[in-house]
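What follows is each chain in one-letter form.
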Amino acid sequence: MSWRSSFRCSKFRYVFGKPATKEHSYDGVPITRSVHDNHYCSANPCFIAMVTECAGGGAFLVLPIHCLGRVDPHYPRVCGHSGRVLDVKWNPFNDYCIASCSEDCTVKIWDIPVCGVQQNLTKARKTLTGHSRRVAIIEWHPTAENLLLSSGYDCKVLLWDVSQSGSVIRHPVRVVLMPVHHRYPSEALLLSVSFNSDGSRLAVTSKDRRIRVLEPRTGKILQVSSSKTHRANKVLYIRGLKMLLSTGSSPWNHRQIILWDPDDLSEPLYEEDLDGSAGVLFPFYDPDTQMLYLAGKGDGNIRYYELSSEKPYISFLMEYRSLLPQKGLGVMPKRGLDVRACEIFRFYRLIAVKDLVEPLSMVIPRKQSEVFQEDLYPMTAGNQAALTAQEWLLGINRDNFNFWLCKRLHLVLFSCFQAFLEEQLAYQDAKYPRELSDLSGWQPDETESPLWSYRCTPHCREPAEKPPPTTESELLQAFYKQQDEIRGLKEELHQKEVGSKTENGFIVYKNDDVSL
């Protein structure tokens, strides 16, 4: 009998978690003491929002994503709720719009200024008042613009169009579930929700610990799980593999993960017992890498797996361990990751015992990390809606628009080049104002994108009217061309420095190439 390795050959086998230092975290954040099984944190490439503890109502904190370090205790907050805030979610198609739900039975939609919250924000753009008890779950539609789902302890599951006129919206566009004859069935009190890739199906877990697949436009129940050996708590659509994943517990109180066929919930496809801990397992899935992350509430570890459409369906990769337990977690969208560092996923761990929000980057080690790794970053979902709310309500289904992360990388590289060049020219202008005054003409054009058009001097080889590159090869050619220009400018500056020797000596360049 031939020997066969138990390890699966995978390029994600060496993924490791890289926590940020305290100086590069968000320190001094009074994290909420609520006991609900929510994330309490949401992030996008511009801001991070965290639910905080406060007296006399509910509030959450919105910080610019790069505002790291110690947070001022008097930093302005979003504090328009009269009850404790239970969760927050950023609009996937608008980085300056966030939804919050609260114990005051309302859902509010907030507009965050581009410069951040400068003073306490108390007036919401929209207030949704269809619930009679506290609202614990909110979820944006993955493809339709301005559609928001909410679920409360009144056993109502409502779908809202937040683009409707008026500051207060009392009537939802769809009632997915609601009590019948003032009876509150356990299947209508939801514990978690998850849309499929085009938003045409909704998977939920309820108080009776079963999984249901619904048609969200009509509320029709299509499938119900019948497994007596699994009490589901959280459910997640595995987009791209046409599977459902649920986390919960067995009759012996062992934490479990289960894979299901969403068209047949009678029998699970895969079942695994993990441990005997009591914390709720939060599942996170990355459809681009087909990696699954499991993080337990109150745990300090995060397990990660690789999924496939063939048996055994799931393969364990590695585990990140920490001594500090997490109360909740936020996730950065793929378009906000640092592709130059081979970062494929990023968590924001809420560590309540330290009043700390710690970024945790999942990184794949590569020898040339500064080069864009095409195998790690396929086309991913962008921030543009595929259809309007009215189109979706009429029965149209459409997947998200995808884009290449390499284009975003090139934009970042050009912005780094711009900052480097401006710094070098400012230094030389201060040192040689008469000789190098002609190099001070690199100023952004107000009418065009600052990354592409300039009021050029004779040192520029490209005219300002040239359109920006549109393909990946053109972007790379433009980037390499500008690197050559940087080298030429450095040689010119070095020659002038040699020609005008001072008492302080010469300028010494440690690197021949530009590091961006």
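A quick note: this is a predicted structure, and the numbers were derived from the prediction, not measured. (Residues numbered from 1 in each chain as written. Predicted model: local features only at pLDDT ≥ 70, side-chain atom pairs only at ≥ 80, totals over all residues. Heavy atoms only, no water.)

**Side note on the sheet that holds strand 28 (residues 314-320)**
Argument step 1. Strand order in this open sheet of 4 strands is 25-26-27-28, and the pairing throughout is antiparallel. The two strands at the open ends of the sheet, each matched to only one other strand, are strand 25 (281-286) and strand 28. Looking at each pair of strands side by side, their axes are set apart by 25° on average, direction ignored.
Argument step 2. For strand 25 and strand 26 (residues 291-296), the ladder comprises 6 bridges, and the chain directions are antiparallel. Within strand 26, the position partnered with leucine 281 by the bridge is glycine 296. (Pairing = 2+ DSSP bridges. Helix = DSSP H or I, 4+ residues; strand = E, 2+ residues; numbered from the N terminus. Axes fitted to C-alpha atoms, helices over the stretch in contact; angles between N-to-C directions.)

**As for the packing of aromatic side chains**
Argument step 1. Under the defined criterion, the tally for this structure stands at 10 aromatic pairs.
Argument step 2. Measuring from ring centre to ring centre gives 5.7 Å for phenylalanine 47 and tyrosine 96, while their planes differ by 75°; the resulting arrangement is edge-to-face. Of this pair, phenylalanine 47 sits in strand 4 (residues 47-52) while tyrosine 96 is found in the loop between strand 8 (85-90) and strand 9 (97-102), placing the two residues 49 residues apart along the sequence.
Argument step 3. Ring centres of tyrosine 293 and tyrosine 304 lie 5.9 Å apart, and the angle between their planes is 45°; this geometry places the pair in the tilted category. Residue tyrosine 293 is located in strand 26, and its partner tyrosine 304 is located in strand 27 (residues 302-307); the two are separated by 11 residues in the primary sequence. Here the two residues tyrosine 293 and tyrosine 304 agree in accessibility, since each one is buried.
Argument step 4. By the ring-pair criterion, three or more aromatic residues cluster together here, those being Phe284, Tyr293, Tyr304, Phe345 and Phe347.
Argument step 5. Over the aromatic face of tyrosine 153 sits the side chain of arginine 134, whose NZ or CZ is 4.3 Å from the ring centroid.
Argument step 6. Stacked on the ring of tryptophan 392, the Lys or Arg arginine 217 has its end atom at 4.3 Å from the ring centre. (Phe/Tyr/Trp six-rings, centres within 6.5 Å; stacked < 30°, edge-to-face > 60°. Buried < 20%, exposed > 50% of the residue type's maximum accessible area, 1.4 Å probe, protein only. Lys NZ or Arg CZ within 6 Å of the ring centre and 35° of its normal.)

**Side note on the sheet that holds strand 13 (residues 147-152)**
Argument step 1. The antiparallel open sheet is built from 4 strands, whose spatial order is 12-13-14-16. A single partner strand is all that each edge strand has here, and the edge strands are strand 12 (135-140) and strand 16 (174-177). Averaged over all pairs of adjacent strands, the angle between strand axes in this sheet comes to 25°, irrespective of strand direction.

**Let's talk about unusual backbone geometry**
Argument step 1. For the bond running from lysine 311 to proline 312, omega is 5°, close enough to zero to count as cis.
Argument step 2. In the Ramachandran plot, asparagine 146 falls in the positive-phi region, its phi being about 70° despite a non-glycine side chain.
Argument step 3. Among the secondary structure elements, asparagine 146 is positioned in the loop between strand 12 and strand 13.
Argument step 4. Its identity is not glycine, yet lysine 242 carries a phi of approximately 55°, on the positive side.
Argument step 5. Note that lysine 242 resides in the loop between strand 21 (231-238) and strand 22 (243-249).

**Some points on the nonpolar core**
Argument step 1. Of all hydrophobic cores here, the largest spans 36 residues; its most connected members are Leu148 and Leu149.
Argument step 2. The element that contributes the greatest number of residues to this core is strand 12, accounting for 5 residues.
Argument step 3. Discounting residues that sit within four places of it in the chain, leucine 148 has contacts with Ala99, Val107, Ile109, Leu128, Ile138, Glu139, Trp140, Leu158, Leu159, Trp160 and Val162.
Argument step 4. Ile65, Val71, Tyr75 and Val357 belong to the second largest nonpolar core, which has 32 residues in total. (Core = buried A, V, L, I, M, F, W, Y, C linked by side-chain atoms within 4.5 Å. Contact = heavy atoms within 4.5 Å.)

**Observations concerning the pairing of strand 21**
Argument step 1. Burial analysis of strand 21 places 7 of its 8 residues in the buried class, the great majority of the element.
Argument step 2. Across 7 bridges, the pairing between strand 21 and strand 22 is antiparallel. Directly across from lysine 234, in strand 22, lies its bridge partner threonine 247.
Argument step 3. Remark: 4 residues form the turn of the hairpin made by strand 21 and strand 22, two consecutive strands paired antiparallel; glycine 240 in that turn has positive phi of roughly 100°.

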